[in-house]
Amino acid sequence: MTDARAEAAADPTAAADPTAVADPLRRLVAVMERLRSPGGCPWDAEQTQASLVPYVLEEAYEVAEAVEGGDRAHLREELGDLLLQVVFHARIAQEDPAGPFDVDDVAADLVAKLVRRHPHVFGTAEVADADGVNRQWDAIKREEKQRESVLDGVPLAMGALARAQKVASRAERSGLAAVAPAPAPGGPEAPGDLGARLLALVQEARAAGLDAEGELRRATAAWERELRAAEQG
């Protein structure tokens, strides 16, 4: 039995009334346990980690929207929704017969990773600035995961614009010549030309210290407001 489940089983308060658990994070775990367990919520009980993927992505985008909108109350709510996804996934993972883990395991692994990858804080390493921290992080991560390339691990499921930024960032931080391919000869109709121009815009944004994904998202939001206003006449 994993730690979170053992605690829940040993705490009669959590079993009888999970909302009465004093610590807010433990209360969340206890509520999720109740929802997922027999006699709980039918919808929660039938979810899988695969079925929850769209919700994880949706909540992450809603956090970004709350940050960019400057709405603190909304941000607090959306961070809670994102936290729910972590706890939900960890609760489902407890049931895996081959490799079970719980939210305590997730937190323990995260703490160990943060300590490992900050040797300038928790060890004797020295770095000059934030760029040095980034390079150190990448080097430690590459060694830990035994990756052959600095570009390994950039998720294929990322949006194309965000992924282009990530590839450019990894290339630059590793010392590679992060120069976007030149537009194809033959004009805008040439195969690959539009993609090359988009890559060039990503590089232009990086050179200006801008987040291309965020800039496009904000520009689209402004355009959407204009379209909505036009709808109203």
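Above this text is the structure in question.
None of the values given here were measured: they were computed from a predicted structure.

S.K.: Even after reading the chapter, I still don't get the packing of helix α10 (residues 160-173) against helix α12 (residues 212-231), so can you show me in this structure?
M.R.: For any two helices packed against each other, one specifies the crossing angle of their axes together with the interaxial distance. For the pair α10 and α12, the least separation of the axes is 8 Å and the interaxial angle reads 155°. Of the possible angle classes, the one that applies to α10 and α12 is roughly antiparallel. Residues L161, A162 and Q165 of α10 touch α12, and the partners they reach there are A212, E213 and L216.

S.K.: I keep staring at the packing of aromatic side chains and nothing clicks. Help me out?
M.R.: Aromatic ring pairs: the centre-centre distance and the angle between the two ring planes describe each pair. Taken as a whole, this structure holds two aromatic pairs when the rule is applied. Centre to centre, the rings of W43 and Y55 are 5.8 Å apart; their planes meet at 85°, and the pair counts as edge-to-face. With W43 in helix α4 (residues 42-46) and Y55 in helix α5 (residues 49-69), the pair connects residues that are twelve residues apart, well separated along the chain. Across the ring face of W137, the terminal group of R117 is positioned such that the distance to the ring centre comes to 5.0 Å.

S.K.: Just to check I follow, could you spell out helix α11 (residues 193-207) for this structure?
M.R.: Along an α-helix, residues three or four positions apart point the same way, because every turn accommodates 3.6 residues. Relative to the 21 Å expected for 15 residues at 1.5 Å per residue, α11 spans 21 Å between its end C-alpha atoms, a close match to the ideal helical length. Residues of α11 that are buried include every one of D193, A196, V202, Q203 and A205, and no others. Elements in contact with the buried residues of α11: α10 and α12. Positioned one or two residues after α11, G209 has a phi angle of 75°, which is positive.

S.K.: Sorry, what's going on with the packing of α10 against α11 here?
M.R.: One way to put it is that α10 packs onto α11 with a least axis distance of 10 Å and a crossing angle of 60°. Taken as axis vectors, α10 and α11 run oblique relative to one another. Pair α10 / α11 crosses with right-handed handedness. Residues L161, A164, Q165, A168, S169 and E172 of α10 form the contact with α11, whose own contacting residues are L199, V202, Q203 and R206. Per-class residue counts for the contact of α10 with α11 are five nonpolar, three polar and two charged.

So, how was this worked out
Residue indices begin from 1 for each chain and proceed along its sequence in written order. A pLDDT threshold of at least 70 governs which residues receive local features in this predicted model, and a stricter bar of 80 or more applies before side-chain atom pairs are shown or counted, although totals over entire chains, interfaces and linings include all residues. Only hydrogens and water are set aside when side-chain values are computed; all heavy atoms of the structure are taken into account. Angular values range over 0 to 180 degrees, each being the angle between N-to-C directions of two axes fitted as lines to C-alpha atoms, with helices fitted over their stretch in contact. Secondary structure elements follow DSSP: runs of H or I no shorter than four residues count as helices, runs of E no shorter than two count as strands, and numbering proceeds from the N terminus. By the definition adopted for this analysis, an angle is roughly parallel if under 35 degrees, roughly antiparallel if over 145, roughly perpendicular if from 65 to 115, and oblique otherwise. Contact definition: two residues touch when any of their heavy atoms are within 4.5 Å. Note on aromatic pairs: the rings of Phe, Tyr and Trp (six-membered ring only in Trp) are paired at centre separations within 6.5 Å, and the planes decide the class, stacked below 30 degrees, edge-to-face beyond 60, tilted for the rest. The criterion is that NZ of a Lys, or CZ of an Arg, lies within 6 Å of the ring centre and within 35 degrees of the ring normal, and then a charge sits over that ring. The span one expects for a helix is its residue count, reduced by one, times 1.5 Å. Buried means the residue's accessible area, taken with a 1.4 Å probe over protein chains only, is under 20% of the maximum for its type, while exposed means over 50%, and partly exposed covers the values in between. Handedness of a helix crossing follows the sense of rotation of the near helix relative to the far helix, less than a right angle counterclockwise being left-handed and clockwise being right-handed. Charged residues are taken to be Asp, Glu, Lys and Arg, nonpolar residues to be Ala, Val, Leu, Ile, Met, Phe, Trp, Tyr, Cys and Pro, and polar residues to be all remaining types, Gly included.

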